[in-house]
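What follows is each chain in one-letter form.
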Amino acid sequence: MDIRNEIKFYIVREGVTMTEIVKKLADEYGWSKRAPNFFGKLQRGSLRYTEAVQLAGALGYNLVWVKRGKGGR
């Protein structure tokens, strides 16, 4: 699964629309209120790490780094 589809999966899983999550991100973190800006970031793959952390937080998740096993990806 590519990152864009993975993010969309978590948004849908939480039962919110893309428009609702964009509004929440704008209210909580000062993101642009324009949904096309968010969609563009996903499409271009230009979401920054801090934005990913904020997005996860807005959805009720934490991003966690987990050490891979030897030889694993």
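Above this text sits the structure in question.
Residues numbered from 1 in each chain as written. Predicted model: local features only at pLDDT ≥ 70, side-chain atom pairs only at ≥ 80, totals over all residues. Heavy atoms only, no water.

1. Regarding a nonpolar patch on the surface
Here is step 1 of the chain: Judged by side-chain polarity, Tyr49, Val53, Leu63 and Trp65 come together as a nonpolar surface patch covering roughly 480 Å² of accessible area.
Here is step 2 of the chain: Relative to the elements of secondary structure, Leu63 occurs in the segment after helix 4 (49–58). (Patch = residues over 30% accessible without salt bridge, like charges linked within 9 Å, V, L, I, M, F, W, Y side chains within 5 Å. Areas by Shrake-Rupley, 256 points an atom, 1.4 Å probe, with all protein chains shown as cover. Salt bridge = Lys/Arg side-chain N within 4 Å of Asp/Glu carboxyl O. Helix = DSSP H or I, 4+ residues; strand = E, 2+ residues; numbered from the N terminus.)

2. Remarks on the nonpolar core
Generally speaking, a soluble globular protein has its nonpolar side chains buried in company with each other.
Here is step 1 of the chain: One finds Ile11, Ile21, Leu25, Phe38 and Leu55 to be the most contacted residues of the largest nonpolar core, which totals 13 residues.
Here is step 2 of the chain: Elements represented by at least two residues in this core include exactly helix 1 (3–13), helix 2 (18–29), helix 3 (35–44) and helix 4.
Here is step 3 of the chain: No other element matches the four residues that helix 2 contributes to this core.
Here is step 4 of the chain: Each residue touching Ile11, except ones within four places of it in the same chain, is listed here: Val16, Thr17, Met18, Ile21, Phe38 and Leu59. (Core = buried A, V, L, I, M, F, W, Y, C linked by side-chain atoms within 4.5 Å. Buried < 20%, exposed > 50% of the residue type's maximum accessible area, 1.4 Å probe, protein only. Contact = heavy atoms within 4.5 Å.)

3. Looking at the pattern of salt bridges
As a working rule, side chains carrying opposite charge can pair if their charged atoms are close by.
Here is step 1 of the chain: Applying the stated criterion across every chain, the model contains three salt bridges.
Here is step 2 of the chain: Lys23 serves as the salt-bridge partner of Asp27, at 2.8 Å between the closest nitrogen and oxygen. Taken as a pair, Asp27 and Lys23 lie in helix 2 at a separation of four residues, close to a single helical turn.
Here is step 3 of the chain: The exposure class assigned to Lys23 is exposed, which follows from its relative accessible area of 52%.
Here is step 4 of the chain: Ionic pairing is found between Lys41 and Glu51, a salt bridge with its closest N-O pair at 3.0 Å. Of this pair, Lys41 sits in helix 3 while Glu51 is found in helix 4, placing the two residues ten residues apart along the sequence. There is no split in this pair, since Lys41 and Glu51 are both buried.

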